[in-house]
Amino acid sequence: MRIAVLKGGRSLERQVSLRSGARVEDALQRLGHDVVPIDVGADLVDRLQEVRPDVAFVALHGRGGEDGTVQELLELVGVPYTASGPSACARCMDKVVSKHALRDAGLPTPDFYAFSQTAFEELGAAKALPAIEERLEFPIVVKPAGQGSALGVKFARAAADVPGAIVAAFSYDTKVLLERHVGGRDLAVSVLDGPVGPEALPVVEAVPVAEDFYDFEARYEIGRTRFICPAEVSDAVTARAQELALAVWSVLGCAGFARIDLMLDHVTEDLYVLEANAIPGLTDTSLLPLAAEAAGISFEALIARIVDLAVATARRGSLRA
Ligand SMILES: Nc1ncnc2c1ncn2[C@@H]1O[C@H](COP(=O)(O)OP(=O)(O)O)[C@@H](O)[C@H]1O
Ligand SMILES: [Mg+2]
């Protein structure tokens, strides 16, 4: 098949996307496909019409590529593509939207309050902060609604830290969340669709080596985070984490593959869903490929399966006419 690999783009996660894309291209070539890399920009629609790929492999992360925008264009141009469609992408990319959907569905996610820039500028939201601080208790996690890779995520340890953390989060998005902190372990469960339906892959634990928490730098520099897969947690926790990930997948309407980030409370062993990533990293230090490997699925087999799913979905006619 002729497969266009969409990578790069203009999001803050451009560099990660270039690495995901390069690794995907390599695998597709080894699988014998005709691979056309496309660094996504203003000429995307032209390029797609010129290349006329059988499938587009979307290896984009962050705004534009992971939020449903590119997926809408692919639907319009009529090119089958990998992973989730526009609506699931839009839900996953916005933590306020996805957390509301999870809470409404009865799935556990840390308590939160969300604000737009307008609420602060025009509605005096700052006056509500003391009440929120009382309800959530310190430390409070402040994060932008729509970023990834821990960009703009800050832990406020006292009331004095909150305004600065909010300002920092607003530099990434016009909406921010204040969220209850979960003291515990960082787990991730990747979900991969297949002939018998979506399956949850082995649980990965991310253990930061030195940092305060699992931050952007730690995430992509080899050696700064230790990934343990399968995570050393009880069978009961593993089963609950996998079950929860599948429930999140279905509530948000994901397709192809996705990665659900969770926290395991140290004290209560309760699990909380932090977010769902519609297009998780596919680099050589990324969690989904690691989890697939632990399940006996090589990177090439993983990529082949994701492409097959895109083709099958298009055949079932889910691409809008
Ligand atoms: N409520 C929370 N309690 C404890 N740690 C958190 C919380 N929210 C985020 N974190 C830490 O920050 C990291 C990034 O947060 P996450 O919500 O997954 O956003 P991102 O989209 O940036 O990955 C998490 O992996 C976790 O280590
Ligand atoms: Mg995350």
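Each remark here, short or long, concerns the structure printed above.
Cut-offs applied
- Residues numbered from 1 in each chain as written.
- Chains lettered and ligands numbered in written order.
- Predicted model: local features only at pLDDT ≥ 70, side-chain atom pairs only at ≥ 80, totals over all residues.
- Heavy atoms only, no water.
- Helix = DSSP H or I, 4+ residues; strand = E, 2+ residues; numbered from the N terminus.
- Pairing = 2+ DSSP bridges.
- Axes fitted to C-alpha atoms, helices over the stretch in contact; angles between N-to-C directions.
- Contact = heavy atoms within 4.5 Å.
- Near = heavy atom within 4 Å.
- Polar contact = N/O pair within 3.5 Å; in protein donor to acceptor, adjacent residues only side chain to side chain.
- Areas by Shrake-Rupley, 256 points an atom, 1.4 Å probe, with all protein chains shown as cover.
- Nonpolar A, V, L, I, M, F, W, Y, C, P; charged D, E, K, R; others polar.

Caption draft 1: Molecular detail of unusual backbone geometry. Cis rather than trans, the peptide bond between Phe 138 and Pro 139 has omega equal to -5°. Among the secondary structure elements, Pro 139 is positioned in the loop between helix H7 (129–136) and strand E5 (140–144). Here the residue pair Cys 229 and Pro 230 is connected by a cis peptide bond, since its omega of -5° sits within 30 degrees of zero. With respect to the element layout, Pro 230 can be found in the loop between strand E11 (225–228) and helix H10 (235–252). With phi around 65°, Glu 137 is a residue other than glycine that occupies positive phi space.

Caption draft 2: Highlighting the sheet that holds E5. On the basis of which strands lie adjacent, the open sheet formed by 4 strands has the order E4-E7-E5-E6 and antiparallel pairing. Either end of the sheet is taken by a strand with one partner, and the two such strands are strand E4 (112–116) and strand E6 (154–156). Neighbour-to-neighbour, the strand axes of the sheet open up by a mean angle of 25°, direction not taken into account. Taken together, the 5 bridges between E4 and strand E7 (residues 175–180) define a ladder with antiparallel strand orientation. Bridging from a neighbouring strand, Phe 115 pairs with Val 176 of E7. Packing of helix H5 (residues 95–104) onto the sheet brings it into contact with E4, E5 and E7, and relative to E7 it is tilted by some 45°. Sitting on the sheet, H7 is in contact with E4, E5 and E7, with an inclination near 35° to E7.

Caption draft 3: Looking closely at the site of ligand 1. Taken together, 21 residues lie near ligand 1, and Lys 95, Lys 143, Ala 150, Glu 179 and Asp 186 sit nearest. Between ligand 1 and the protein, one listed contact pairs an oxygen atom with a side-chain N or O atom of Lys 143 at 2.7 Å. Note that an oxygen atom of ligand 1 is positioned 2.8 Å from one of the side-chain N or O atoms of Glu 275. Taken by itself ligand 1 offers 540 Å² of open surface, and the protein chains cover 98% of this. Where the shell around ligand 1 is concerned, the elements lending two or more residues are E5, E7, strand E12 (257–265) and strand E13 (271–277). Residues belonging to the shell around ligand 1 are distributed by class as follows: 9 nonpolar, 4 polar and 8 charged.

Bear in mind that shape data such as this cannot, by itself, settle questions of function.
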